[in-house]
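Here are the chains, one letter per residue:
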Amino acid sequence: KYLSYIPGAVLEALADSRTFTPPTLAIASPAGGSSFQVGATVTLTAAASAAGGKSINKVEFFELGKKVGEATTSPFSISVFGLTEDAHEFTARAVDSAGVFAEAAPVNILVGNPAKRATLVAIDDKTSWRYDRSGQDLGTDWRERSYDDSLWPEGKTLIADETTVTVEPIRTPISHFNDNGEYVTTFYFRTHFDLTGAITSDVKLRLRHVVDDGAIFYLNGVEIHRFGFDPDVVVDANTLAAGHENAYEGPFDIPIDSLVPGDNLLAAEVHQSNNSSTDIVFGAELAATYFGTGTTNASAKFNPAVLQAGKIVISWTGAGTLQEANQVTGTYTDVPASDISNNSYSANVKDKAPARVYRLKQ
């Protein structure tokens, strides 16, 4: 039997519909693609407005998911200090007086002279990981590229058993018990990525992760990072980690010694903090930044500038578009192709006073 409809005449509005309209939000500065010198202060400013007579309570700023500051009054700005030489990605979240929030599209900037940043392993709905939740101690062979994990289940991160809010969606739900109903202390994860081209000393690797509780990471069988364990602790499948809830940690600088051209393996073992923990969370991102002479995709690099007969001569190797601006943080424009010959450009110094900044756009 069907229930009867509720007549509209007996209903009343308890709140203006605009109460639930999210704020409008965008990062106003710096502009995407801006470059800064190492050591420079970067000011982040967001343009935010609330709907339906509400107000903006706060704007929070994040770098790669980790909060770096917040502003509660307009203009909504914070200053960030000590950024490393690298590519950096910032976003913002505005919360209005009704508790409704909106997130801004990310803005990417460069600090120093990184030629390129490439995400090798991502926390997303595309990157797949093989995982083992058998509860068995797998020893050390599982860390190697040659290990056969074809019978392991596969899923996208976050891979988790968690009932509280997570910093990323749980794309692969799992149980913290194995198929026999036995509690699992240690979970194992493996994913492959491909790296083309030569590996030079100007390549920097960075890892960030979301784990509950502790983890040890390996690159092609070599330990590269541990979280929740002292450096000298010998770990097996029964070793417990320090307690930690799911949150972004990092990025951490990773040694490149075990990185190889072609196929590479990133592996991790995630440990519980006690034998009654009710959750397990895993996700990891590995990114490579190429500086100056990075050759992974024949990145362009400047040769030393030369002053000849009152002219500055700029030349470079590799493929790139020469751009100029009045200052490092200024608006860059392409140097006319007609002024460039064989990756070389010259101009009268007096025509470029008081200063010009040049960069190669990849």
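Residues numbered from 1 in each chain as written. Predicted model: local features only at pLDDT ≥ 70, side-chain atom pairs only at ≥ 80, totals over all residues. Heavy atoms only, no water.

### Re the overall build of the protein chain
Stated formally: Helix and strand definitions follow DSSP, with helices as H or I runs of at least four residues and strands as E runs of at least two, each counted in order from the N terminus. Burial status follows relative accessibility: with a 1.4 Å probe on protein chains alone, a residue under 20% of its type maximum counts as buried, one over 50% as exposed, and anything between as partly exposed. Contact criterion: two residues are considered in contact whenever any of their non-hydrogen atoms come within 4.5 Å of each other.
In terms of helices and strands, the protein chain carries zero helices and 28 strands. Counting all 362 residues of the protein chain, 44% fall into the buried class. Across the protein chain, every contact between residues at least 6 apart in sequence was considered, and the portion connecting residues at least 24 apart equals 73%.

### Let's talk about the nonpolar core
Counted only if it meets this: The term nonpolar core refers to a set of buried residues drawn from Ala, Val, Leu, Ile, Met, Phe, Trp, Tyr and Cys, joined through side-chain atoms within 4.5 Å.
Core analysis: the largest hydrophobic core is formed by 32 residues, its most contacted members being Phe189, Phe217 and Phe282. Those elements that provide at least two residues to this core are β10 (114-121), β11 (128-132), β15 (186-195), β16 (203-212), β17 (214-219), β18 (222-227), β20 (262-271) and β21 (280-291). A per-element tally of this core places β21 first, with six residues. Setting aside residues no more than four positions away along its own chain, Phe217 makes contact with Leu207, His209, Val211, Val222, Glu223, Ile224, His225, Leu266, Ala267, Ala268, Phe282 and Ala284. Membership of the second largest hydrophobic core comes to 21 residues, among which are Ile27, Ala71, Ala104 and Ile109.

### Remarks on the packing of aromatic side chains
We describe a pair of aromatic rings using the distance from one ring centre to the other and the angle between the two ring planes. Definition in use: Ring geometry is summarised as follows: Phe, Tyr and Trp rings, the Trp one being its six-membered ring, pair when their centres sit within 6.5 Å, and such pairs are stacked at plane angles under 30 degrees, edge-to-face over 60 and tilted between the two.
Enumeration according to the criterion identifies eight aromatic pairs in this entry. A ring pair is formed by Trp129 and Phe282, whose centres lie 4.9 Å apart and whose planes are at 85°; its orientation type is edge-to-face. Taken together, the residues Trp129 in strand β11 and Phe282 in strand β21 connect sequence positions 153 residues apart. Taken individually, Trp129 and Phe282 each receive the classification buried, so the pair is uniform in this respect. On the basis of an interplanar angle of 35° and a centroid distance of 6.5 Å, the ring pair of Tyr131 and Phe189 is categorised as tilted. Taken together, the positions of Tyr131 in strand β11 and Phe189 in strand β15 put the pair 58 residues apart, joining distant regions of the chain. Counting every residue linked through ring pairs, the aromatic cluster contains Trp129, Tyr131, Phe189, Phe217 and Phe282.

### Side note on the sheet that holds strand β6 (residues 76-80)
Note the following rule: At least two bridges found by DSSP between two strands are what make those strands a pair. Note on definitions: angles span 0 to 180 degrees between N-to-C directions of axes, and those axes are lines fitted to C-alpha atoms, for helices only across the stretch in contact.
Taking strand neighbours across the sheet as the criterion, the three strands line up as β1-β3-β6 in an open arrangement whose pairing is antiparallel. Edge positions in the sheet fall to β1 (24-29) and β6, since each of these pairs with one other strand and no more. Pairs of neighbouring strands in the sheet enclose a mean axial angle of 25°, with direction left out of account. Bridge analysis of β1 against strand β3 (residues 42-49) gives five bridges, and the strand direction is antiparallel. If you follow Ile27 over to β3, its bridge partner there is Ala46.

### Describing the pattern of salt bridges
Note the threshold: Here, a salt bridge means any Lys or Arg side-chain nitrogen found within 4 Å of an Asp or Glu carboxyl oxygen.
Within this structure, the stated rule accounts for 15 salt bridges. The shortest N-O distance in the salt bridge between Lys67 and Glu70 comes to 2.5 Å. We classify Lys67 as partly exposed; its relative accessible area is 39%. For Glu70, a relative accessible area of 36% puts it in the partly exposed group. Arg130 serves as the salt-bridge partner of Glu154, at 3.6 Å between the closest nitrogen and oxygen. Placement of Glu154 in strand β12 (residues 154-156) and of Arg130 in strand β11 is noted, with a sequence separation of 24 residues between them. Under the relative-accessibility criterion, Glu154 is labelled partly exposed at 46%. Counted as one network, the salt bridges with shared partners bring together Lys58, Glu60, Lys67, Glu70, Arg93 and Glu103.

### Some details on empty space enclosed by the protein
Operational definition: A cavity here means a set of points on a 1 Å grid, drawn over the protein atoms and nothing else, where a 1.4 Å probe fits but cannot get out; a pocket is an open set with protein on both sides within 12 Å along at least five of seven lines, and a residue lines either one if it has an atom within 4 Å of a point. Grid points are joined across faces, edges and corners, and a volume is the space filled by probe spheres set on the points.
A full pass over the atoms with the stated rule returns two cavities of 30 Å³ or more. Taken as a whole, the largest cavity encloses approximately 50 Å³ of empty space. In terms of lining residues, the largest cavity is bounded by Glu63, Leu64, Asp86, Ala87, His88, Arg117, Arg206, Pro251, Ala287 and Thr289. Elements supplying a minimum of two residues to the lining of the largest cavity: β7 (86-96) and β21. Ranked by the residues each element gives to the lining of the largest cavity, the list is headed by β7, at three residues.

### A closer look at a nonpolar patch on the surface
Rules: Only residues whose relative accessible area exceeds 30% and that form no salt bridge enter a patch; like-charged residues are grouped when within 9 Å of one another, and nonpolar side chains (Val, Leu, Ile, Met, Phe, Trp, Tyr) when within 5 Å. The protein chains shown are the only cover counted for residues, whose accessible areas, like all others here, come from Shrake-Rupley with a 1.4 Å probe.
Judged by side-chain polarity, Ile6, Val10 and Leu11 come together as a nonpolar surface patch covering roughly 340 Å² of accessible area. With respect to the helices and strands, Leu11 occurs in the segment before β1. Using a relative accessible area of 58% as the deciding quantity, one classes Leu11 as exposed.

### Quick word on the layout of surface pockets
Approximately 540 Å³ is the volume found for the second largest pocket. In terms of lining, the second largest pocket is formed by 20 residues, of which the most central are Gly65, Thr91, Glu103, Glu168 and Tyr248. At the level of elements, β7, β8 (101-103) and β10 are the ones that each hand at least two residues to the lining of the second largest pocket. Sorting elements by how many residues they give to the lining of the second largest pocket places β7 first, with five residues.

Shape is all these values report; function is a separate question.
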